[in-house]
Amino acid sequence: MATADAAAPSWPDLPFDLTRDVSSRLHAATDYVRFHAACQPWRDTLPPAASRPAFLPWLLSTRHANGLRKARCVFSSNSSRRASAATEILVRDRRWLISAADGGGGGGASACLVSTACPEPKITLAADPLTGPGAPAIPLPRFEEDEMRSWEKRAVGVVSGDGTIIVYAYGPVNTRTFSGDSFHAALLRPGDAAWTFVQRNDVSMFYGWDRCCVSYRGGGGRIVLCYKDYWWILPAQAGGSAIVGGGGRRSRQLPDEPGKRFESSYLVESRGELLWVFVLVDRAYYADLPEHGVGVLESLTGALSVSVYMLEEEEGRQPEWVKKDEMSMADRVMFLGRPCSFAIDSDQVGFSTGCAYFVEMRRVYGGIWSKSPLERCRLFRYSFRDGKSELVEQLPEGWNDENCMWLTPQPALAPTEEIRERVEALNPKSAGPHGQFGTYFRIYVGNLPRKVDSYQLRQFFSKHGKVADARVMCHKGTGRSRGFGFVTMATHVDNEPANAIVRLHGQSLYGRTLRVKLADQEDGGNSEAVSV
């Protein structure tokens, strides 16, 4: 086994064509970054951004009291092996407005940032939602103070599939003509010079308005609002009547699922369709609960299911929600969250079948032998192909609200030379006491002792300068050293590579006199015989 492992080439030694193929299959941003960190020669030949893989989104917690959120990568190779090794970082809460676009892997990829910084709050399009703004800011629309209290603090929003920005809130209003809770929304359509304001006093939510989901239907210029298992269709302009399906102030759409109980709902735009997605639990799960009302995680997982309804609108008829066949969802991956959910084609992110990811918070026992139950947020995955749910991960402490959201980071990678220049520009002292480093150069090292590996080669040459990479060449069949290797080093701007070669050639390593030359001058080293 040791011989076989030694014979396997390391990542940086792989041919570029194979490296490019591996890179295109890394849909977890953390794996993609780690891969390019290890494969420095490949990173120096980065493909254009358009040819990079579609990245899987990160899970984002609700805002903490300190103004921060937790961002967690649940799809990396580490997190799939061991939950405690999942990548998790703290990020400043920017009040993201997540894009609902799909198809091109764009869901959650482009975000808006709502800044409440004085004197004027802004909305800013971001190139990478985790790193900061990347486009000019748009002033956040303001309702008058006597219309809605704390509008700027309450407002959340999404970016619809057609690019329309929707900022909305539900809260207390006190005017001369109305006193009570009201739904406020501001829309900015692509190409519009001004915001469109909508205020509805005929929308009533019991509690927890942060559980509502909003979408914009550009064809009819209407806002679709879903709250738990209630829904409204509101005209996206002042005045007009709300469509509620069954009349009255709201219409209830109970999923037609015998033996199921409603838990939560989400709106998803996918392939031109508006989908209302329900998370359900088998009623038998509640019937089998013991007197203390706390179940077992395994039973809960088996009882969870997802149903999808599509908004069907025909001229001359009232809109209605029609259930979709699960197999029609078998090629889409849904990421359900609030205030925005989105879907991505499964083949674009390396999934073999369609599924839905959602977070559920409940107090349950971890197993039949557990002594005490835990109330935690847990991430589940429901498969549209076999109709079964499975636990992906129990989220750690600090994830105490199931109103999580998803957003897709867009890592910005650069060649090593560009990274070096950026670091030196920010911190000139990082170049060392002898001046800044110039270009990198690759040298051939011959007559290596067979017991020297790549790590020892790097350590030895690090005594004589800055080493970017060091590799000992080995036989593919046996894994034994071939007696030579290559080292990539950086020289100072006032020191030519030829001078470095003169300084290194003839150095002794474990009693061997090394033969050092520039790699492009090496013409017969690959077949060099090395005595034992």
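These figures come from a predicted structure and were not determined experimentally. (Residues numbered from 1 in each chain as written. Predicted model: local features only at pLDDT ≥ 70, side-chain atom pairs only at ≥ 80, totals over all residues. Heavy atoms only, no water.)

Participant: Tell me about the pairing of strand β24 (residues 374–383), and please be specific about residues and values.
Facilitator: In terms of burial, β24 is largely enclosed, as seven of its ten residues are buried. Relative to β24, strand β23 (residues 355–365) is paired through ten bridges, and the arrangement is antiparallel. If you follow Y357 over to β24, its bridge partner there is R381. Where β24 lies against strand β25 (residues 389–394), five bridges are found, and the strand directions are antiparallel. Paired with R378 across the strands is Q394, a residue of β25. Linking β24 to β25, which pair antiparallel, is a turn of five residues; within it G387 sits at a positive phi near 70°. (Buried < 20%, exposed > 50% of the residue type's maximum accessible area, 1.4 Å probe, protein only. Helix = DSSP H or I, 4+ residues; strand = E, 2+ residues; numbered from the N terminus. Pairing = 2+ DSSP bridges.)

Participant: Run through the sheet that holds strand β3 (residues 87–92), naming residues and quoting values.
Facilitator: Pairing is antiparallel across the open sheet formed by four strands, whose spatial order is β3-β2-β1-β26. Of all the strands in the sheet, just β3 and β26 (405–407) have a single pairing partner and so form its edges. Neighbour to neighbour, the strand axes of the sheet diverge by 30° on average, direction disregarded. Pairing geometry for strand β2 (residues 68–73) and β3, over six bridges, is antiparallel. Looking at β3, one finds that R72 is bridged to E88. (Axes fitted to C-alpha atoms, helices over the stretch in contact; angles between N-to-C directions.)

Participant: Before we move on, can you summarise the packing of aromatic side chains with the specific residues and values?
Facilitator: Overall, the coordinates contain 22 aromatic pairs when judged by the stated rule. Aromatic side chains F351 and Y357 sit 6.2 Å apart centroid to centroid with 90° between the ring planes, which places their arrangement in the edge-to-face category. Comparing F351 with Y357, the two get one shared label, buried. Against the face of Y286 rests R261, its NZ or CZ located 3.9 Å from the ring centre. (Phe/Tyr/Trp six-rings, centres within 6.5 Å; stacked < 30°, edge-to-face > 60°. Lys NZ or Arg CZ within 6 Å of the ring centre and 35° of its normal.)

Participant: Give me the lowdown on the pattern of salt bridges, citing residues and values where you can.
Facilitator: Scanning the model with the defined rule gives 19 salt bridges in all. Between E402 and R211 there is a salt bridge; the shortest N-O distance is 3.0 Å. Taken together, the residues E402 in the loop between β25 and β26 and R211 in the loop between β11 (196–200) and β12 (212–217) connect sequence positions 191 residues apart. On the basis of relative accessibility, which here comes to 14%, the residue E402 falls in the buried class. Its relative accessible area of 24% is what places R211 among the partly exposed residues. Its salt-bridge partner being R317, residue E314 comes within 3.3 Å of it at the nearest N-O pair. (Salt bridge = Lys/Arg side-chain N within 4 Å of Asp/Glu carboxyl O.)

Participant: Kindly report on the side chain of S346, identifying the contributing residues and their values.
Facilitator: Note on placement: S346 falls in the loop between β22 (342–345) and β23. Owing to a relative accessible area of 6%, S346 belongs among the buried residues under this scheme. The contact partners of S346, leaving out residues within four places of it in the chain, are A330, D331, R332, V333, F351 and T353. (Contact = heavy atoms within 4.5 Å.)

Participant: Could you give me a rundown of the nonpolar core, with the residues and numbers involved?
Facilitator: Counting residues in hydrophobic clusters, the biggest one holds 32 residues, and the most contacted among them are Y168, F183, V203, M205, I223 and L225. If one sorts the elements of this core by residue count, strand β9 (residues 165–174) sits on top with six residues. (Core = buried A, V, L, I, M, F, W, Y, C linked by side-chain atoms within 4.5 Å.)

Participant: Give me the lowdown on the environment of I443, citing residues and values where you can.
Facilitator: You can see I443 is positioned in strand β27 (residues 437–446). Relative accessible area serves as the criterion here: at 0%, I443 is assigned to the buried category. When the C-alpha atoms of I443 and V516 are compared, they prove to be 6.8 Å apart, with 73 residues separating the residues in sequence. With residues up to four places along the chain from it excluded, the contact list for I443 reads F461, G485, F486, V487, M489, I501, L504, V516, K517, L518 and A519.

Participant: A description of the sheet that holds strand β19 (residues 304–312) should follow, citing residues and the corresponding values.
Facilitator: An order of β16-β17-β19-β20 is seen for the four strands of this open sheet, with the pairing classed as antiparallel. Pairing within the sheet leaves two strands with one partner each, and these edge strands are β16 (260–270) and β20 (320–323). The mean angle between the axes of side-by-side strands here comes to 30°, regardless of whether they run parallel or antiparallel. Here four bridges tie β19 to β20, and the two strands are oriented antiparallel to one another. Bridging across to β20, M310 finds its partner in V322.

Participant: Which residues make up helix α10 (residues 454–462), and what are the values?
Facilitator: Turn by turn, an α-helix covers 3.6 residues, leaving residues three or four places apart pointing in a common direction. Listed in full, the buried residues belonging to α10 are L457, F460 and F461. Seen from one end, α10 has its buried residues packed into an arc of 90°, which puts them on one side. The residue sitting at the N-terminus of α10 and contributing the capping side-chain oxygen is D453; that oxygen lies 2.8 Å from the backbone nitrogen of Q456. (Arc of directions from axis to C-beta. Polar contact = N/O pair within 3.5 Å; in protein donor to acceptor, adjacent residues only side chain to side chain.)

Participant: Tell me about the environment of C213, residues and numbers included.
Facilitator: When you line up the elements, C213 lands in strand β12. For C213, a relative accessible area of 2% corresponds to the buried category. In this structure the C-alpha to C-alpha distance between C213 and C226, which are 13 residues apart in sequence, comes to 5.3 Å. Beyond its immediate stretch of four places on either side in the chain, C213 contacts V224, L225, C226, S265, Y266, L267 and R338.

Participant: So, the side chain of T164: which residues are in play, and what are the values?
Facilitator: Its place among the elements puts T164 in the loop between β8 (156–159) and β9. Reaching out from T164, the side chain makes a polar contact with the side chain of D162 at a distance of 2.9 Å. Among residues more than four places away in sequence, those in contact with T164 are V158, V159, L187, L188, R189, P190 and Y216.

Participant: Could you give an account of the state of the cysteines, with specific residues and numbers?
Facilitator: Taken as a whole, this structure holds zero disulfides when the rule is applied. Of the cysteine sulfurs around C404, a residue in no disulfide, the closest is that of C377, at 5.3 Å. (Disulfide = S-S within 2.5 Å.)

Participant: Go over the confidence of the model for the protein chain, please, and point to the residues and values.
Facilitator: On average, residues of the protein chain carry a pLDDT of 75, and 68% of them reach 70 or more. Confidence drops under pLDDT 50 across residues 1–8; counting only partners more than four residues distant or on other chains, this segment forms six contacts. Per-residue pLDDT stays below 50 along residues 429–437; that stretch engages in 17 contacts with residues further than four places along the chain or on separate chains. (pLDDT = per-residue confidence, 0-100.)

Participant: Could you give me a rundown of unusual backbone geometry, with the residues and numbers involved?
Facilitator: Following R338, the chain continues to P339 via a peptide bond in cis, the omega torsion being 10°. Inspection of the secondary structure puts P339 in the loop between β21 (332–335) and β22. Phi at K228 takes a positive value of approximately 55°, unusual for a residue other than glycine. Secondary-structure assignment places K228 in the loop between β13 (222–227) and β14 (230–235). Phi angles above zero are rare outside glycine, and Y510 is one such case at about 50°.

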